[in-house]
Amino acid sequence: LAAVTSGVAVIVVSGLLILASYADLKREANASAISQAQLVALNSEAPLAFGDPALGAEALAIFRATPDVASAALFDSAGQLFVEYRRESDPGPRFRSAQGVVEHEGWLLVHLEIADADKTYGSVQLVYDQSRLWKRFVTGLLVSILATGAAVLIGYLVGRRITRDLIKPIDELAATANRISASKN
């Protein structure tokens, strides 16, 4: 009974830690996506101001080194597509979101305005793939389940051994003492 109770407690604690870890991973991924979009927005003001798509493509090229970014696009001040980056493998669906940060079916959409104090040049949109985040969560969950199962099994085996090596001889000694006491010898 103690092994089962301990096992359930370990499973509950592990589950809570995994959920907290997933929430932290998601928060970090979202912050990273927003920071990346802000960085590209800073680097895209000149290409939009001068109408230079080659420079705009260069600003988006940074995402080739970022596997979680499925696509990114620059839009001009009229909202028309100026230039776009789409990763080769699984570029994800094409979205057009409003300004801000939105989650949609496993994708994080970050759409930020590119402007200075007195002029809007356009906007940048980033489509961030959250599937790796889910895979990390599932991997953590499986590792935790295996570790919990191993801990419960070890606890059970140690408990059986303690029962066999320590408690059983004490019980036998007590039974012998009771027989002697009952026979008054």
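Preceding this section is the structure that the text describes.
Residues numbered from 1 in each chain as written. Predicted model: local features only at pLDDT ≥ 70, side-chain atom pairs only at ≥ 80, totals over all residues. Heavy atoms only, no water.

> What am I meant to see in the environment of Gly-100 here?
Turning to its location among the elements, Gly-100 is positioned in strand S3 (residues 100–104). In this structure the C-alpha to C-alpha distance between Gly-100 and Arg-160, which are 60 residues apart in sequence, comes to 59 Å. Among residues more than four places away in sequence, those in contact with Gly-100 are Leu-109, Val-110 and His-111. (Helix = DSSP H or I, 4+ residues; strand = E, 2+ residues; numbered from the N terminus. Contact = heavy atoms within 4.5 Å.)

> What is the right way to look at the pairing of S3 in this model?
Looking along a regular strand, one sees the side chains alternate between the two faces of the sheet. Where S3 and strand S4 (residues 107–115) come together, five bridges link them in antiparallel fashion. Residue pairing in the sheet places Val-101 in a bridge with Val-110 of S4. Hairpin geometry of S3 and S4 is characterised by an intervening segment of two residues between the two adjacent antiparallel strands and by a positive phi of about 45 degrees at Glu-105. (Pairing = 2+ DSSP bridges.)

> Explain helix H3 (residues 131–183) to me, please; I cannot follow it from the model alone.
Since the α-helix advances by 3.6 residues per turn, residues separated by three or four positions end up pointing in the same direction. The terminal C-alpha atoms of H3 lie 75 Å apart, and with 53 residues this matches the ideal 78 Å at 1.5 Å per residue to within 8%. Of all the bends in H3, the largest measures some 40 degrees and sits at Ile-167, one to four residues before the proline Pro-169. Those residues of H3 not exposed but buried are Leu-133, Phe-137, Ser-144 and Thr-148. (Expected span 1.5 Å × (residues − 1). Bend = angle between axes of the 7 residues up to and from the residue. Buried < 20%, exposed > 50% of the residue type's maximum accessible area, 1.4 Å probe, protein only.)

> Looking at this model, I keep getting lost on the environment of Thr-120. Mind explaining?
As for its placement among the helices and strands, Thr-120 is situated in strand S5 (residues 120–129). Each C-alpha atom, one on Thr-120 and one on Val-13, is 50 Å from the other, the two residues being 107 residues apart in sequence. The contacts of Thr-120, once residues within four sequence positions are left out, are Ser-77, Glu-113, Ile-114 and Ala-115.

> Would you mind showing me how to read unusual backbone geometry here?
Note: most peptide bonds trans; most residues except glycine with negative phi. We note that Glu-105 has phi near 45 degrees; this positive angle belongs to a residue other than glycine. If you trace the backbone, Glu-105 turns up in the loop between S3 and S4.

> I would appreciate a short explanation of the nonpolar core in the present structure.
As a rule of thumb, nonpolar side chains are buried together in soluble globular proteins. One finds Leu-60, Phe-63, Leu-74, Val-110, Ile-114, Val-124 and Leu-126 to be the most contacted residues of the largest nonpolar core, which totals 22 residues. Secondary structure elements with two or more residues in this core: helix H1 (2–50), strand S1 (69–76), strand S2 (81–86), S4 and S5. Among the elements that make up this core, the one with the highest residue count is H1 (six residues). When near neighbours in sequence (up to four residues on either side) are disregarded, Phe-63 contacts Gln-36, Val-40, Val-69, Ala-72, Tyr-85 and Leu-126. Membership of the second largest hydrophobic core comes to five residues, among which are Phe-95, Trp-107, Leu-109 and Val-127. (Core = buried A, V, L, I, M, F, W, Y, C linked by side-chain atoms within 4.5 Å.)

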